[in-house]
Amino acid sequence: MRNLRVAIIGCGYWGQNLLRNFCELEEAEVVRVCDFDSRALARAKRRYPTIEVTQNYAEVLADPKVDAVVLATPVSTHYPFAKQALQADKHVLVEKPLAQTTTQVLDLIDLADRRGKTLMVDHTFLLRRRSPDEGPC
């Protein structure tokens, strides 16, 4: 089984962390980075010279080498970018929140189901309430 080929979309503050983490995974290969900011792309290229960089999201979606996209972009872009990626038959991981409205979230879930693609939302921390009998910490 081959590695999942990933494109990181948005290489700003949080995208840099996602890029580093995906590059360290044995099961994934980051093949592209996309950002509108040429400085962010230059920084990514300096750190990871073999990764292709672009400012063109449509180019990433059209690339048959890309199996999945990871979105670390402004919240207002999450829904349209995720929808475009699913329509291009890519798996999608979106930095939280998944979308701005429940209707948008349900639309993305339905689209992923219909296309047979995985749709995930990234949460940095998983918190749960501790019961009193578990003690402190």
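Preceding block: the structure.
(A) Broad picture of the packing of aromatic side chains. Using the criterion set out here, one finds two aromatic pairs in the structure. Where Tyr13 meets Trp14, the ring centres are 6.1 Å apart and the plane angle is 40°; that geometry is what we call tilted. Classification of Tyr13 by relative accessible area gives exposed; the value is 68%.

(B) The arrangement of the sheet that holds strand β1 (residues 4-9) in detail. Read across the sheet, six strands follow the order β3-β2-β1-β4-β5-β6 without closing on themselves; strand pairing throughout is parallel. Edge positions in the sheet fall to β3 (52-54) and β6 (119-122), since each has one partner strand and no second. Across the sheet, the axes of successive neighbouring strands diverge by a mean angle of 25°, strand direction being ignored. With four bridges connecting them, strand β4 (residues 68-71) and strand β5 (residues 91-95) associate as parallel partners. Each residue of the ladder has a partner; that of Val70, found in β5, is Leu93. Against the sheet, helix α2 (residues 38-47) touches β2 (28-34) and β3, its axis set at about 180° to β3. The sheet contacts of helix α4 (residues 75-87) involve β1, β4 and β5, and relative to β5 the element is tilted by about 165°.

What counts, and at which threshold
- Residues numbered from 1 in each chain as written.
- Predicted model: local features only at pLDDT ≥ 70, side-chain atom pairs only at ≥ 80, totals over all residues.
- Heavy atoms only, no water.
- Phe/Tyr/Trp six-rings, centres within 6.5 Å; stacked < 30°, edge-to-face > 60°.
- Buried < 20%, exposed > 50% of the residue type's maximum accessible area, 1.4 Å probe, protein only.
- Pairing = 2+ DSSP bridges.
- Helix = DSSP H or I, 4+ residues; strand = E, 2+ residues; numbered from the N terminus.
- Axes fitted to C-alpha atoms, helices over the stretch in contact; angles between N-to-C directions.
- Contact = heavy atoms within 4.5 Å.

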